[in-house]
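Per-entry structural report
Residue-level listing of the chains:
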Amino acid sequence: MSEEFKFNDENLAKAKEIIARYPEGRQQSAVLPLLDIAQRQNDGHASEAVIEAVATMLDMPRIRVTEVATFYTMISTTPVGKYHLQCCTTTPCWLRGSADVVDAIRKHLGIDFGETTQDGLFSMLEVECLGGCVNAPIVQVNDDFYEDLDAASVVKMLEAFKAGTPPEPGTQIERQTSAPAGKITTLQDLEFAKG
Ligand code: FES
């Protein structure tokens, strides 16, 4: 293990606050939030040094922290690009065209699942249901959901990221949050429905 990782002051304080939430003897329950904090500090990568730092802080064997880090797709044990595209391909997203979305990303960026573009901007990962099926298909980019995508809109989204002007997260079609697609057809006189 060549690189080093040390929690910065802000994250160290956050980690201590999280650990203190658990009863005496149960501090290891903080492993996931600590991995998340450390990964964010380390450009989205839960490296071996990150795992070591979390294991030391929680007095856990490194293998136990590694087991957690490799189980959850939200923790990345390999380096990722600036924009981490997590493509949901579970049944509801698949029924709504996730295969086309994934193909469009592959073609546009020239990468496949688990790979990063040469300029370090994009990584791509296949994930299971992100819990946003109502607006399927979904691609999560870092912390944000991009919803109701198709081949054309996902390419537009990638170009916007490339240009340094990330698009608004959420639905990419005409839809009010998770309401039925298109303009409202009932209750049109209600004030809250007009926005
Ligand atoms: S199946 Fe894709 S968000 Fe649920």
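Higher on the page you've got the structure.
Residues numbered from 1 in each chain as written. Predicted model: local features only at pLDDT ≥ 70, side-chain atom pairs only at ≥ 80, totals over all residues. Heavy atoms only, no water.

All right, on to the sheet that holds strand E2 (residues 122-127) then. Strand order in the open sheet formed by five strands is E2-E1-E3-E4-E5, and the pairing between neighbours is mixed. At either margin of the open sheet sits one strand with a lone partner, and together these are E2 and strand E5 (170-171). Examined bridge by bridge, strand E4 (residues 144-147) and E5 share two bridges and lie parallel to one another. The residue of E5 that forms the bridge with tyrosine 146 is glycine 170. (Pairing = 2+ DSSP bridges. Helix = DSSP H or I, 4+ residues; strand = E, 2+ residues; numbered from the N terminus.)

Nonpolar side chains collect at one region of the surface, where Phe71, Tyr72 and Met74 lie side by side and expose about 340 Å² of accessible area between them. You can call methionine 74 partly exposed: its relative accessible area is 44%. (Patch = residues over 30% accessible without salt bridge, like charges linked within 9 Å, V, L, I, M, F, W, Y side chains within 5 Å. Areas by Shrake-Rupley, 256 points an atom, 1.4 Å probe, with all protein chains shown as cover. Salt bridge = Lys/Arg side-chain N within 4 Å of Asp/Glu carboxyl O. Buried < 20%, exposed > 50% of the residue type's maximum accessible area, 1.4 Å probe, protein only.)

Further remarks concern the packing of aromatic side chains. Under the defined criterion, the tally for this structure stands at five aromatic pairs. With centroids separated by 5.3 Å and ring planes inclined at 80°, the aromatic side chains of phenylalanine 5 and phenylalanine 7 adopt a geometry described as edge-to-face. Judged by relative accessible area, phenylalanine 5 falls into the buried class, the value being 13%. Assessed through its relative accessible area of 8%, phenylalanine 7 is described here as buried. Summarising the aromatic geometry, the rings of phenylalanine 71 and tyrosine 72 are spaced 4.9 Å apart at their centres and angled 85° between planes, so their arrangement reads as edge-to-face. Since its relative accessible area comes to 63%, phenylalanine 71 is described here as exposed. By relative accessible area, which is 34% here, tyrosine 72 ends up partly exposed. Here a set of aromatic residues connected by ring pairs shows up, and it is made of Tyr83, Phe122, Tyr146 and Phe161. One cation-aromatic arrangement involves arginine 106 over phenylalanine 113; the distance from NZ or CZ to the ring centre is 5.2 Å. (Phe/Tyr/Trp six-rings, centres within 6.5 Å; stacked < 30°, edge-to-face > 60°. Lys NZ or Arg CZ within 6 Å of the ring centre and 35° of its normal.)

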